Amino acid sequence: MRGIVRKWRPPLALVVGGALVGVFALPILGLVSLRLWGDVLGWGEAATLVVVLALVATTVLGLLLWRLVLRPVYALTDYARAMKAGEAPQAPTQFGTPEFSALGASVMAMGNSLHSRAEGMKAYSDHVAHELTSPLTAIRGAAELLETAPPPDDAATLSTTIRAASDRMQTLLDDLGHHARAATSAGPGTSRLSAVAADLPEMTLDIGVAADGAVPLAAQDLHTILTQLARNAAEHGATRLDLSVLEAGMQVTDDGPGISMGNRARIFDPFFTTRREQGGTGMGLSIVRSLLAARGGRISLADSTQGAAFLITFD
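Our subject in this report is the structure included herewith. In this text the structure is predicted, and so the values were computed from the model without any measurement.

Next up on the list: the overall build of the protein chain. Looking only at helices and strands, the protein chain has 7 helices and 7 strands in total. Helices (α) and strands (β) of the protein chain occur, in sequence order from the N terminus, as α-α-α-α-β-α-β-β-α-β-β-α-β-β. Going through the 315 residues of the protein chain one by one, you find that 34% of them count as buried. If you take every contact in the protein chain between residues at least 6 apart in sequence, the share linking residues at least 24 apart comes to 65%. Summing over all exposed atoms, the protein chain offers an accessible surface of approximately 18500 Å²; the carbon and sulfur share of this is 60%.

Set out below in structure tokens:
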């Protein structure tokens, strides 16, 4: 989608003020012109000239109002209606005044957010249906075999299969709940990195604060983000996680095996995981991205010579 073309445009107050001045001045100029030219050209010819000049001035004023006010309003209205209908319209690129440019940018950002959320919900629904199929099939098959009164050893194995499949389903549902709550976040706030890091749950890796400072996130949100990143690092073999507050935001690095080039473009996608056989759901980094997006933040991969490095920035 193309962005708004940034060109100088007169402020809306200047446009409205100019229109009012024109409406006020045109009759006066017409009377003055008629008075001055009446004796020279004749009253009939002078009146005709004044009417022609008034029509020209009115036409110019109307064209300016159309270009600077009405056309942007109509374009933005058509865009909003198309978004409401579920379409993906081409966004307007030019607006008549800075005020309409700001309004257009806000409306388009809201429309894109709603469209992305709807697409995300559809993707989540599709993935949930796919992910739940395997454990449901396992439970159904094991239950049918248990109805045939198998030997005790086989029955114990089938019971284990049912428990493992139900645990897998519960993990998926828990992560989906975390993802839904992340989209709303705890609200605006600021927290100190070291204070939140000290309150993280016990894990199999050491967590250190290399550069402390204030982070523009509520403590609850930052706690959720760091917990997900630490858990993700530990599950992939890291033994240490380093946290740093930067001028641009915050950086999180680990000493794990890192992320392969083939997976770098997909790691934030919901349900993408390289640990599916070990019970991974692929929702951890997606939860982090959704929570940050709800607070005007972004997460991206940073260059690292060892392990994985994530850069978190804020608007």
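What follows is about the packing of aromatic side chains. A complete count under the given rule lists 1 aromatic pair for this structure. A ring pair is formed by Trp66 and Tyr74, whose centres lie 5.7 Å apart and whose planes are at 55°; its orientation type is tilted. On the basis of relative accessibility, which here comes to 39%, the residue Trp66 falls in the partly exposed class.

What follows is about the packing of helix α6 (residues 219-235) against helix α7 (residues 284-294). Where α6 meets α7, the axes come as close as 9 Å, and the angle between the chain directions of the two elements is 155°. With respect to α7, the axis of α6 lies roughly antiparallel. When you trace α6 past α7, the crossing you get is left-handed. Residues Asp221, Thr224, Ile225, Gln228, Leu229 and Asn232 of α6 form the contact with α7, whose own contacting residues are Gly284, Leu285, Ile287, Val288, Leu291 and Leu292. Taken together, the residues that form the contact of α6 with α7 break down as 7 nonpolar, 4 polar and 1 charged.

With the rule as written, the count across this model stands at 2 salt bridges. Measuring nitrogen to oxygen at the nearest pair gives 3.2 Å for the salt bridge that ties Asp212 to Arg192. Remark: Arg192 occurs in strand β1 (residues 191-192) and Asp212 occurs in the loop between β2 (206-211) and β3 (214-215); sequence separation between them is 20 residues. Residue Arg240 pairs with Asp242 through a salt bridge whose shortest N-O separation is 2.9 Å.

The subject of this paragraph is unusual backbone geometry. One non-glycine residue, Ala149, lies in the positive phi region at around 55°. Tracing the sequence through the fold places Ala149 in the loop between α3 (98-146) and α4 (152-182).

The rules behind each value
- Residues numbered from 1 in each chain as written.
- Predicted model: local features only at pLDDT ≥ 70, side-chain atom pairs only at ≥ 80, totals over all residues.
- Heavy atoms only, no water.
- Helix = DSSP H or I, 4+ residues; strand = E, 2+ residues; numbered from the N terminus.
- Buried < 20%, exposed > 50% of the residue type's maximum accessible area, 1.4 Å probe, protein only.
- Contact = heavy atoms within 4.5 Å.
- Areas by Shrake-Rupley, 256 points an atom, 1.4 Å probe, with all protein chains shown as cover.
- Phe/Tyr/Trp six-rings, centres within 6.5 Å; stacked < 30°, edge-to-face > 60°.
- Axes fitted to C-alpha atoms, helices over the stretch in contact; angles between N-to-C directions.
- Parallel < 35°, antiparallel > 145°, perpendicular 65-115°, else oblique.
- Left-handed = near helix turned anticlockwise from the far one by under 90°.
- Nonpolar A, V, L, I, M, F, W, Y, C, P; charged D, E, K, R; others polar.
- Salt bridge = Lys/Arg side-chain N within 4 Å of Asp/Glu carboxyl O.

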